Amino acid sequence: MSDTPFGFGLPPEEPDDGDEGKKKDQQSGGGQGPANPFGFGPGGPGGLGADNPLAAMFGSLNPNDLGAAFQQLGQMLSYEGGPVNWDMAKQIARQTVSQGTPDGTKDASIGPAERTQVDEAVRLADLWLDDATSLPSGAGSAVAWSRAEWVEATLPVWKELVDPVAERVGAAMGDVLPEEMQAMAGPLLGMMRSMGGAMFGTQIGQAVGVLAGEVVGSTDIGLPLGPVGKAALLPLNIQAFGKDLSVPQEEVRLYLALREAAHQRLFAHVPWLRSHLFGAVEGYARGIKVDTAKLEDVVGQFDPQNPEELQQALQQGMFQPEDTPEQKAALARLETALALVEGWVDAVVHAAAKPRLSSADALRETLRRRRATGGPAEQTFATLIGLELRPRRLRDASRLWASLTDARGVDGRDGLWAHPDMLPTASDLDDPDGFVHREQLDFSELDKMLGEAADGRTEKPNLTKDEPKDDEKGDEKGDDDK
């Protein structure tokens, strides 16, 4: 993710306003540069506000914008919600999107022609995937999103992912004060919680906003971020992705539609997969500890005129995974689960595209390198929950799924998604041949028995000769009572 300090200015224009909205935002004072993280910082050494706190905070603003700035400051300090100020996160994400990407590409509304192209690409991709996987289509509809629409559609899932970590940070912020002071510091603790929610909101908003300029669909990071059953593509980002590839835009769009449609099939027809992945994220988050020593230093030196110091602490080395067997297991489980999802998609899409697209190999390698050099998934997870994924696992998983296809066929390969205990483990990724040729357990009968037990339809098991029946047990009990 970008190292540019996060900040907030005035609310962004709607994406339908296109370039004009961007101009309005620039004219109104929003979107300050890196030297001014909060959009209303000091005017510089020797400038306005050297001795006046209010001038220091607001001196760089146009007087017409002071009302909006005070409103934002009040919003930040009066927030009483959960660990993350999600209203602020949404606002920052929308503002980040409205500023455009580093290459100068600005967000724009989606036209009818682009919607038709996406719909046709997803429909054709689903047709090709029918030959490459036994899982049926999982996309009930295809949608073309602007970057702002991607932000709106994915924020509910980001909330589910980030809140557990933010909760831990919020608790740590209250623990840094000595116990004897906490009873007397109610207002201060309240302000710290509000500031913490705002800081997390700005950080997450910036991260999601930057990511909106990079992703090409709703499943780029291996997790289902969008609504169920909707295959989503971002035409503007697809165009930017294929700009320097010397590949026809139609092939780029179709290849990325194959990936999106393959993800949709997996998440739609493996009902336990979503909770398995999100459970792994939450399990990892539970093992994260906060560097309270660093937080104590920051809080002890906290200057209300420089609230960005607290924000920078949240970004730089605050998260430290616990070095325990449980935490290591949670990390391995999460990395392996994401690698298996991405590896399966990579293998299935390659099987579908290779006979039909001359650029299939080049597009596959481009996407692999994009992930290996720190693509959206790695950067976003590292920023939001301190998690560094290991891209090498993606190639290992892809090779394993391809080997399974050769050894067991499409049905045998996809059948492993029937139960989480049938999937390869991290050690299996190190020894794919051993897993491919190992006899797999059949969980279908076990699942059937468990389902019948839940419905109360299971019969009592046959008793052994030596085990007394219930009425015999009663007789023996009666004899003992005599």
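Owing to the predicted nature of the structure, the values given are computational and were not obtained by experimental measurement. (Residues numbered from 1 in each chain as written. Predicted model: local features only at pLDDT ≥ 70, side-chain atom pairs only at ≥ 80, totals over all residues. Heavy atoms only, no water.)

1. Thoughts on the overall build of the protein
Here's step 1: Scanning the protein from N- to C-terminus turns up 21 helices and four strands.
Here's step 2: In the protein, which comprises 482 residues, the share counted as buried stands at 47%.
Here's step 3: Long-range contacts, defined here as pairs at least 24 residues apart, represent 77% of the contacts in the protein between residues at least 6 apart.
Here's step 4: Within the structure as shown, the protein displays about 23,300 Å² of accessible surface, and the carbon and sulfur contribution to it stands at 51%. (Helix = DSSP H or I, 4+ residues; strand = E, 2+ residues; numbered from the N terminus. Buried < 20%, exposed > 50% of the residue type's maximum accessible area, 1.4 Å probe, protein only. Contact = heavy atoms within 4.5 Å. Areas by Shrake-Rupley, 256 points an atom, 1.4 Å probe, with all protein chains shown as cover.)

2. Considerations on unusual backbone geometry
Here's step 1: You will see that Ser246, though not glycine, has its phi angle at about 55 degrees, which is positive.
Here's step 2: Along the polypeptide, Ser246 turns up in the loop between helix H9 (235-241) and helix H10 (249-269).

3. Side note on the confidence of the model for the protein
Here's step 1: The predicted model of the protein averages 74 in pLDDT, with 57% of residues at 70 or higher.
Here's step 2: Within the model, pLDDT remains below 50 along residues 1-60, and this stretch shows 110 contacts once partners closer than five positions in the same chain are excluded.
Here's step 3: In the model, residues 457-482 has pLDDT below 50 throughout and makes eleven contacts with residues more than four positions away in sequence or in other chains. (pLDDT = per-residue confidence, 0-100.)

4. Here's the deal with H10
Here's step 1: For H10, which comprises 21 residues, the first-to-last C-alpha distance of 30 Å matches the rise-based estimate of 30 Å (1.5 Å per residue) to within 8%.
Here's step 2: Most of H10 is tucked away: 17 of the 21 residues are buried. (Expected span 1.5 Å × (residues − 1).)

5. Focus on the nonpolar core
Here's step 1: Counting residues in each nonpolar core, the largest one holds 94 residues, and the members touching the most others are Trp150, Trp158 and Trp417.
Here's step 2: For this core, the leading source of residues is helix H14 (residues 325-353), giving 13 residues.
Here's step 3: Residues within four places of Trp417 in sequence aside, it is in contact with Leu266, Val270, Trp272, Leu273, Leu340, Val341, Trp344, Trp401 and Leu423. (Core = buried A, V, L, I, M, F, W, Y, C linked by side-chain atoms within 4.5 Å.)

6. Observations regarding the pattern of salt bridges
Here's step 1: The tally for this structure, following the rule as stated, stands at 20 salt bridges.
Here's step 2: Among the ionic pairs, Asp396 bridges to Arg393, the shortest N-O distance being 2.8 Å. Separated by three residues within a single helix, Asp396 and Arg393 lie in helix H17 (residues 392-414), roughly one turn from each other.
Here's step 3: We classify Arg393 as buried; its relative accessible area is 5%.
Here's step 4: Two residues, Asp428 and Arg438, come together in a salt bridge whose shortest N-O distance is 3.0 Å. Of the two residues, Asp428 sits in helix H18 (residues 426-430) while Arg438 sits in the loop between helix H19 (432-436) and helix H20 (444-454), which places them ten residues apart along the sequence.
Here's step 5: Accessibility expressed as a relative area gives 5% for Asp428, which makes it buried. (Salt bridge = Lys/Arg side-chain N within 4 Å of Asp/Glu carboxyl O.)

7. Comments concerning the side chain of Arg265
Here's step 1: Mapped onto the elements of the fold, Arg265 is located in helix H10.
Here's step 2: Classification of Arg265 by relative accessible area gives buried; the value is 1%.
Here's step 3: At 2.7 Å, the side chain of Arg265 and the backbone oxygen of Asp126 are in polar contact.
Here's step 4: With residues up to four places along the chain from it excluded, the contact list for Arg265 reads Asp126, Leu129, Asp130, Thr133, Leu135, Pro136, Ser137 and Gly138. (Polar contact = N/O pair within 3.5 Å; in protein donor to acceptor, adjacent residues only side chain to side chain.)

8. Observations concerning the packing of helix H5 (residues 112-129) against H10
Here's step 1: Contact geometry for H5 and H10: axes closest at 8 Å, N-to-C directions at 65 degrees. Remark: the crossing between H5 and H10 carries right-handed chirality. Touching Gln117, Val118, Ala121, Val122, Leu124, Ala125, Asp126, Trp128 and Leu129 of H5 are Arg253, Leu254, Ala257, Leu258, Ala261, Ala262 and Arg265, all from H10.
Here's step 2: Per-class residue counts for the contact of H5 with H10 are twelve nonpolar, one polar and three charged. (Axes fitted to C-alpha atoms, helices over the stretch in contact; angles between N-to-C directions. Left-handed = near helix turned anticlockwise from the far one by under 90°. Nonpolar A, V, L, I, M, F, W, Y, C, P; charged D, E, K, R; others polar.)

9. Description of H5
Here's step 1: With 18 residues, H5 extends 26 Å between its outermost C-alpha atoms, agreeing within 8% with the 26 Å of an ideal straight helix rising 1.5 Å per residue.
Here's step 2: Residues of H5 that are buried sit in contact with strand E1 (141-144), strand E2 (230-233), H9, H10 and H14.

10. Topic: the packing of aromatic side chains
Here's step 1: Under the counting rule described, the total for this entry stands at three aromatic pairs.
Here's step 2: Seen from their ring centres, Trp401 and Trp417 are 5.3 Å apart, and the 15 degrees between their planes marks the pair as stacked. Highlighted residues: Trp401 in helix H17 and Trp417 in the loop between H17 and H18, separated in sequence by 16 residues.
Here's step 3: A residue is classified by how much of its surface remains accessible, and Trp401, at 0% relative accessible area, is buried.
Here's step 4: Sitting over the face of the ring of Phe278, Arg274 holds its NZ or CZ atom 4.3 Å from the ring centroid.
Here's step 5: The ring centre of Phe435 lies 5.9 Å from the NZ or CZ of Arg408, which sits over that ring. (Phe/Tyr/Trp six-rings, centres within 6.5 Å; stacked < 30°, edge-to-face > 60°. Lys NZ or Arg CZ within 6 Å of the ring centre and 35° of its normal.)

11. Some points on the side chain of Thr96
Here's step 1: Along the chain, Thr96 turns up in helix H4 (residues 86-99).
Here's step 2: Assessed through its relative accessible area of 9%, Thr96 is described here as buried.
Here's step 3: Among all residues touching Thr96, those that are not within four sequence positions of it are Gly205, Gln206, Gly209 and Val210.

12. Some words on the environment of Val341
Here's step 1: Mapping Val341 onto the fold places it in helix H14.
Here's step 2: For the pair Val341 and Leu277, spaced 64 residues apart in the sequence, the C-alpha separation amounts to 9.7 Å.
Here's step 3: For Val341, the contacting residues outside a window of four places in its chain are Gly222, His263, Leu266, Phe267, Leu273, Leu277 and Trp417.

13. Points about empty space enclosed by the protein
Here's step 1: Evaluation of the coordinates by the stated rule reveals seven cavities of 30 Å³ or more.
Here's step 2: A volume near 170 Å³ is recorded for the largest cavity.
Here's step 3: What lines the largest cavity is a set of 14 residues, among which Val216, Asp220, Arg259, Leu367 and Arg370 lie closest to the centre.
Here's step 4: Contributing elements (two or more residues each) for the lining of the largest cavity: H10 and helix H15 (360-372).
Here's step 5: Element by element, the count of residues in the lining of the largest cavity is highest for H10, at four residues.
Here's step 6: Residue composition of the lining of the largest cavity, grouped by class: five nonpolar, three polar and six charged. (1 Å grid on protein atoms, 1.4 Å probe; cavity = no way out; pocket = protein on both sides within 12 Å on 5 of 7 lines; lining within 4 Å. Points joined across faces, edges and corners; volume = space filled by probe spheres on them.)

14. What about the packing of H10 against H14?
Here's step 1: Contact geometry for H10 and H14: axes closest at 9 Å, N-to-C directions at 130 degrees. Relative to H14, H10 is oriented oblique. By crossing handedness, the relation of H10 to H14 is classed as right-handed. Residues Tyr255, Leu258, Arg259, Ala262, His263, Leu266 and Phe267 of H10 form the contact with H14, whose own contacting residues are Val341, Glu342, Trp344, Val345, Asp346, Val349, Ala352 and Ala353.
Here's step 2: Along the lines of polarity and charge, the residues of the contact of H10 with H14 split into eleven nonpolar, one polar and three charged. (Parallel < 35°, antiparallel > 145°, perpendicular 65-115°, else oblique.)

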